[in-house]
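Architecture and fold: a report
Each chain is listed here by its residues.
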Amino acid sequence: MTIADKLAALREQSLLRIRRQVDSPCGPEVRVAGRTLLAFASNDYLGLAADPLLVAAAREGAARYGVGAGASHLVSGHYAPHHALEERLAAFVGLPRALFFSTGYMANLGVITSLVGAGDAVFSDELNHASLIDGIRLSGAEKHIYPHLDLAALEEKLKTCHRPGKLVVSDAVFGMDGDLASLPALLELCERHDAWLMVDDAHGFGVRGSAGRGSLSDSGIVSPRIVYIGTLGKAAGVAGAFVAGADQVVEWLLQSARSYVFTTGAPPLLAHALLTSLDLIEQGGDRRSHLGRLIAELRRGLNFRRWRLLDSQTAIQPIIIGSNSEALEVGAALQEAGFWVPVIRPPTVPAGTARLRISLSAAHTSEQVARLVACLNTLE
Ligand SMILES: *Cc1c(COP(=O)(O)O)cnc(C)c1O
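Residues numbered from 1 in each chain as written. Predicted model: local features only at pLDDT ≥ 70, side-chain atom pairs only at ≥ 80, totals over all residues. Heavy atoms only, no water.

Turning our attention to the domain arrangement of the chain. Accessible area lost when the parts come together is the quantity often used to give the size of an interface. Parsing the chain into structural domains produces domain 1 (18-46 + 285-379) and domain 2 (54-282). With centres defined by C-alpha atoms, the gap from domain 1 to domain 2 works out at 27 Å. Tallying the contact residues gives 18 residues for domain 1 and 19 residues for domain 2. Here domain 1 meets domain 2 over a buried area of about 1,400 Å², counting both sides, of which 60% is carbon and sulfur. With a closest N to O distance of 3.1 Å, Asp177 and Arg355 form a salt bridge. At the level of secondary structure, the elements contributing two or more residues to the side of domain 1 that touches domain 2 comprise helix H12 (285-301), strand E11 (316-322) and strand E14 (354-359). Of the residues that constitute the side of domain 1 that touches domain 2, the class distribution is nine nonpolar, five polar and four charged. (Domains from an automatic or database assignment. Contact = heavy atoms within 4.5 Å. Buried area = accessible area lost by both parts, 1.4 Å probe. Salt bridge = Lys/Arg side-chain N within 4 Å of Asp/Glu carboxyl O. Helix = DSSP H or I, 4+ residues; strand = E, 2+ residues; numbered from the N terminus. Nonpolar A, V, L, I, M, F, W, Y, C, P; charged D, E, K, R; others polar.)

The structure is reproduced here in structure tokens:
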């Protein structure tokens, strides 16, 4: 198949993606192609991405450190704010040490390939994020995919595996479904079968747990087996990610994770801004309770016969439509009415489960959510 054929095939299956150009800061109201849309599209769950305090901190960081790190962390690109950020992050999530990565995708690739290799085994929830899947593939470890949240199936696989290194990998909050992994139950299985537990909390860090410390704090578990990933481009409103865990594990990642070692350090101004972001997360109790109210209001208001609102208590509220083409039509009708709700299609979600992915933010108002509810109820 030529590239032209492949593109034509995507178009025929309603799978061709387009990018919209946004010409305003991330927020509930965004400018797109000369129109203002009410957006339920970002992962900026606390509404921090354009917060004036963060913008000021980024400016101050640029004034102090310039814009580029100039080299990788292990050469000369590791700056004081990177280091301070790692110390704050570790203390915040209650783990001994943290390492800052430029993106969550890179953190997942680097961490998995450093922890396991050919001869080891990885156990992965079927709905895990693409970056985890890619890290597993790249590691060369034997791959065991278990049905979504099915811990009995996971235990069967762990029981019969005799590889020297075992790693269980799971999203804490599943990004396209909004549901939660049971972290205490996963940890118990890992303890029983001598496995590492890698938790990707991209959608939980900043939102869940006491003071936004994330899903580990929410479930109250502690163990040297846990390797925790938090990302900093979603609720934290900036960019980047971190891994946190036992001191030696983090030292090993620093030495061996190729997506850490062989890349230019993220601009130090971002780390500087992230220190302010952590303050805002810690003091963000009101934002989190407002977000909780919006989630309840949305769920109470929606009333469908054919479409299906998934059972999610998080800011991610997916509505399953089914076919790609109908989902696209609904997305277009929403846009016509002035809303921006992303349509998520395969391969991001399983075939036949194309969906609207509503994401709520503490920056939304009740009135804005009510407008979306009214429009959706009419469209169905
Ligand atoms: C967004 C996301 C990532 C990737 O993080 P980036 O910082 O955007 O690269 C990793 N894992 C999960 C579960 C995510 O939702």
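Next comes the rest of the account.
For the rest of this paragraph, the subject is the site of the ligand. Neighbouring the ligand are 13 residues; Gly104, Tyr105, Asp200, His203 and Lys234 lie closest to it. One of the backbone nitrogen or oxygen atoms of Tyr105 is found 2.9 Å away from an oxygen atom of the ligand. Within the contact set of the ligand, a nitrogen atom lies 3.5 Å away from a side-chain nitrogen or oxygen of His129. Compared with its free state, where it exposes 380 Å², the ligand has 82% of that area covered by protein. (Near = heavy atom within 4 Å. Polar contact = N/O pair within 3.5 Å; in protein donor to acceptor, adjacent residues only side chain to side chain. Areas by Shrake-Rupley, 256 points an atom, 1.4 Å probe, with all protein chains shown as cover.)

Among the secondary structure elements, Gln368 is positioned in helix H14 (residues 366-379). For Gln368, the side chain forms a polar contact with the main-chain nitrogen of Thr365, separated by 2.9 Å. Contacts of Gln368, omitting those with residues within four sequence positions, involve Pro28, Glu29, Leu38, Phe40 and Ala363.

A separate point is the pairing of strand E5 (residues 142-146). For strand E4 (residues 121-125) and E5, the ladder comprises five bridges, and the chain directions are parallel. Within the sheet, the bridge partner assigned to Ala121 lies in E5 and is Glu142. Assessed by its sense of winding, the connection that carries the chain from E4 through helix H5 (residues 130-139) to E5 is right-handed. (Pairing = 2+ DSSP bridges. Right-handed = clockwise from strand over helix to strand, strands pointing away.)

Okay, unusual backbone geometry next. For residues besides glycine, phi is generally negative; the peptide bonds are generally trans as well. At the junction of Pro346 and Pro347, the peptide bond is cis and its omega measures out at 10° in the coordinates. As for its placement among the helices and strands, Pro347 is situated in the loop between strand E13 (343-344) and E14. In this structure, Ala33 is a non-glycine residue whose phi angle is positive, near 50°. Counting through the fold element by element, Ala33 comes out in the loop between strand E1 (29-32) and strand E2 (35-39). Phi is positive for Ala211, which is not a glycine, with a value near 55°.

This part covers the sheet that holds E2. The mixed open sheet is built from three strands, whose spatial order is E1-E2-E12. In this open sheet, the two edge strands, each paired with only one partner strand, are E1 and strand E12 (339-340).

Once that is clear, we can look at the environment of Gly331. Along the chain, Gly331 turns up in helix H13 (residues 324-336). Overall, the relative accessible area of 9% leaves Gly331 in the buried class. For the pair Gly331 and Ile344, spaced 13 residues apart in sequence, the C-alpha to C-alpha distance is 9.8 Å. The residues contacting Gly331, other than those within four sequence positions of it, are Val343 and Leu356. (Buried < 20%, exposed > 50% of the residue type's maximum accessible area, 1.4 Å probe, protein only.)

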